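The primary structure of each chain is shown beneath.
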Amino acid sequence: MSPAQDYTIVVPTIGRPSLAVLLTSLAAQEVHGAHVMPQEVVVVDDRPAAPGAPGVDLGQSGAWLPVRIVRTGGRGPAAARNAGWRCARTPWVVFLDDDVQLPPSWAPDLLADLRSAAPRVGGVQGRIVVPLPPGRRPTDWERSTAGLESARWATADMAYRRVTLEQVSGFDERFPRAYREDADLAARVRRAGWTLAQGERHVLHPVRPAADDVSLRVQAGTFDDATLRALHGRRWRTVAQTGRGRLRLHLATVAVAALTVAAALTRRPRLTAVAAWVWAAFTADFFVRRLTPGPRPADEVFAREARRLAWTSVAIPFAAVAHRARGEWNARGGLPPWPLPIDAVLFDRDGTLIEDIPYNGDPEAVRPTEGARAVLDALRSRGVLVGVVTNQSGLCRGLLTAAQVQSVNAEVEARLGPFDTWQVCPHCPEDECLCRKPRPGMILAAAQELGLAPAACAVVGDIGADVEAARAAGAVGVLVPAPATRTEEVAEAELVAADLAGAIDLLAARLGAASPELGRAAWR
Ligand SMILES: [Mg+2]
Ligand SMILES: [Zn+2]
């Protein structure tokens, strides 16, 4: 195996222009040629569904880099990275953020890092360098970005072995933003017996231009602190490599603010004055602590920074407490460990549940596949939910009427029993909808209808598009090849079974319905 075949790059993106800059810096690596380049760059477009929206901008170099684009429909960076690494077939997967830039020696340095990794090393981190403005002290936002330099196992540049990711089922998709999901993964990887190493390569992570309220917005991360605490217990701060933080002071600030309001409403002027004074003191202390390490009054940016810090220092305690309370409520009663148990199995219709007759509109012609009824009944009796996800482009092509599709589906239920959800995509491939497999829309819709996380669903189908849709949705995909299935599709699929019963056997260890409520409650 040549070094070039060693690694795949996975970049989740929400369409920021910095992606083209990153790909340009990859194309401009000092040592040119296939021997340092990745086997593939998987760009995971995680923008929410927007019909007719243009694709992500890959820039000039995107044209000749081996780029594959996967769409995940807005499920967050953890879910997007999972969809990305599950496409990879190389021993190593390198996660890069879409706003880093690679110095010219990055690829050769990466290969040196990977080659020097001992067999027990499951992941190798790159160093992150945050260029700060010269000639003045950094602002609050610049300092918080610079914190990445000391963050361990941050996925701005982090390589993992594919087997390692496989073993721990990748990122926990219950972390919805780029916060704490990297620390959680690193902790589970180490618990599985791997070690993590610091590499020699580095990337540049410029400070992104940010709106004035960015420090307020990032308080949403306190929600994820509650998730991390529910999953890792008392040692969650060690996992997150974070100190006590200011949450207790924020709580005290919110409490005295509430007391001020209560005292004013009950017309107790002295208590009102004292409580208001204490609230103002807490707020002023917070403001001063954020202002003093930053730009000096002589700096051009000072006035704006002071204004920004003043009003956000008033608002942040309330936001932090509210998000943390939401997180604690979400995690009440505990969260099950990742990966989630599988509480629903979604089946492709044609070629999987019934024999494939292209554009069939005649219920009389419906023939269930061998063992379909028995497998469905076994799942139902275990409490596992069952559903159908089917592409019916015959509707858009005018080859089928909605009434015909409905009568065929009714016949399927008559022969195979009731399904908990039906998802039908009526579109043509050129409609670029998010529901048509291999896109994830129908699986996401089915999961939502059933009240489950997509990761608590499995998808069984007979072609590559079925398992690709599963991967993009974060569900577990199983391919059951039919006569029409292509050899490459079988080679690409992670899980392949000879028949439907075999597919359920593959899932058996993770079928959760012994405690279906737990899995369902986990997704709130
Ligand atoms: Mg099919
Ligand atoms: Zn569709």
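As the structure is a computational prediction, the values presented were derived from the model and not from experiment.

1. A few points about the pattern of salt bridges
Where side chains of opposite charge bring their charged atoms close, a pairing between them can arise.
Next up, step 1: Counted by the stated rule, this structure contains 39 salt bridges.
Next up, step 2: In this structure, D212 and R304 form a salt bridge, with 3.0 Å as the shortest nitrogen-oxygen distance. Placement of D212 in the loop between β7 (195-204) and α7 (214-217) and of R304 in helix α12 (residues 302-330) is noted, with a sequence separation of 92 residues between them.
Next up, step 3: Residue classification places D212 among the partly exposed residues on the basis of a relative accessible area of 28%.
Next up, step 4: Look at R304 and you get partly exposed, because its relative accessible area is 45%.
Next up, step 5: One salt bridge connects R308 with E305, and the closest N-O pair in it is separated by 2.8 Å. A residue pair is termed a helical-turn pair when its members lie 3 or 4 positions apart in one helix, as R308 and E305 do in helix α12 at 3 residues. Comparing R308 with E305, the two get one shared label, buried.

2. Examining the domain arrangement of the chain
Next up, step 1: By domain assignment, the chain separates into domain 1 (3-210), domain 2 (211-336) and domain 3 (344-521).
Next up, step 2: Just the C-alpha atoms count here: the centres of domain 1 and domain 2 sit 31 Å apart.
Next up, step 3: Counting residues at the interface gives 22 residues for domain 1 and 33 residues for domain 2.
Next up, step 4: Between domain 1 and domain 2, the buried area comes to about 2100 Å², and carbon and sulfur atoms account for 52% of it.
Next up, step 5: Contact with domain 2 buries surface across domain 1, with R137, R174 and R180 losing the most and accounting together for 28% of the total.
Next up, step 6: There are 3 salt bridges connecting domain 1 and domain 2.
Next up, step 7: Residues D224 and R177 are paired through a salt bridge, measuring 2.7 Å at the closest nitrogen-oxygen approach.
Next up, step 8: Counting every contact that joins domain 1 to domain 2 gives 11 residue pairs in polar contact (both at pLDDT 80 or more).
Next up, step 9: Looking at the side of domain 1 that touches domain 2, the elements that each hand over two or more residues are α4 (140-146) and α6 (181-191).
Next up, step 10: The element contributing the most residues to the side of domain 1 that touches domain 2 is α6, with 5 residues.
Next up, step 11: A class-by-class count of the residues in the side of domain 1 that touches domain 2 yields 8 nonpolar, 2 polar and 12 charged.

3. Some words on the coordination of the magnesium ion (ligand 1)
Next up, step 1: The coordination sphere of the magnesium ion (ligand 1) contains the protein donors D348 (OD), D350 (O) and D462 (OD), at a distance range of 2.2 Å.
Next up, step 2: Read N to C, the donor residues that coordinate the magnesium ion (ligand 1) are spaced as D-x1-D-x111-D. Remark: D462 occurs in the loop between β11 (457-461) and α17 (464-473) and D350 occurs in the loop between β8 (344-347) and α13 (372-382); sequence separation between them is 112 residues.
Next up, step 3: Residue classification places D350 among the buried residues on the basis of a relative accessible area of 17%.

4. Examining the nonpolar core
Next up, step 1: Judged by nonpolar contacts, the single largest core of 34 residues is most densely connected at Y7, I9, L19, L26, V94, L96 and W106.
Next up, step 2: Listing elements by their share of this core, those giving two or more residues are β1 (7-13), α1 (18-27), β2 (40-45), β4 (92-96), α3 (106-115) and β5 (121-129).
Next up, step 3: Sorting elements by how many residues they give to this core places α3 first, with 5 residues.

5. Here's the deal with the packing of α6 against helix α8 (residues 221-232)
In a pair of packed helices, the angle between the axes and the distance between the axes together describe the arrangement.
Next up, step 1: With their axes 11 Å apart at the nearest point, α6 and α8 run at an angle of 15 degrees to one another. Classed by the angle they form, the pair α6 and α8 counts as roughly parallel. As for the relative orientation of α6 and α8, their crossing is right-handed in sense. Contacts from D184, A187, R188 and R191 in α6 reach L228, L231 and H232 in α8.

6. Concerning the side chain of N409
Next up, step 1: With respect to the secondary-structure elements, N409 resides in helix α15 (residues 402-416).
Next up, step 2: Setting aside residues no more than four positions away along its own chain, N409 makes contact with R349, W422 and V424.

7. Concerning the coordination of the zinc ion (ligand 2)
Next up, step 1: At this site the zinc ion (ligand 2) is bound by C425 (SG), H427 (ND1), C433 (SG) and C435 (SG), with donor distances of 2.0 to 2.3 Å.
Next up, step 2: Angles of 99 to 121 degrees at the metal separate the 4 donor atoms of the zinc ion (ligand 2), which places the site in the tetrahedral class.
Next up, step 3: Between the donor residues of the zinc ion (ligand 2), the gaps in sequence give the motif C-x1-H-x5-C-x1-C.
Next up, step 4: Taking relative accessible area as the criterion, C425 reaches 0% and is therefore assigned buried.

Rules behind the numbers
- Residues numbered from 1 in each chain as written.
- Chains lettered and ligands numbered in written order.
- Predicted model: local features only at pLDDT ≥ 70, side-chain atom pairs only at ≥ 80, totals over all residues.
- Heavy atoms only, no water.
- Salt bridge = Lys/Arg side-chain N within 4 Å of Asp/Glu carboxyl O.
- Helix = DSSP H or I, 4+ residues; strand = E, 2+ residues; numbered from the N terminus.
- Buried < 20%, exposed > 50% of the residue type's maximum accessible area, 1.4 Å probe, protein only.
- Domains from an automatic or database assignment.
- Contact = heavy atoms within 4.5 Å.
- Buried area = accessible area lost by both parts, 1.4 Å probe.
- Polar contact = N/O pair within 3.5 Å; in protein donor to acceptor, adjacent residues only side chain to side chain.
- Nonpolar A, V, L, I, M, F, W, Y, C, P; charged D, E, K, R; others polar.
- Donors = N, O, S within 2.8 Å, 3.2 Å for Na, K, Ca; no water.
- Core = buried A, V, L, I, M, F, W, Y, C linked by side-chain atoms within 4.5 Å.
- Axes fitted to C-alpha atoms, helices over the stretch in contact; angles between N-to-C directions.
- Parallel < 35°, antiparallel > 145°, perpendicular 65-115°, else oblique.
- Left-handed = near helix turned anticlockwise from the far one by under 90°.
- Tetrahedral: all angles 85-135°; square planar, octahedral: opposite > 155°, others 65-115°.

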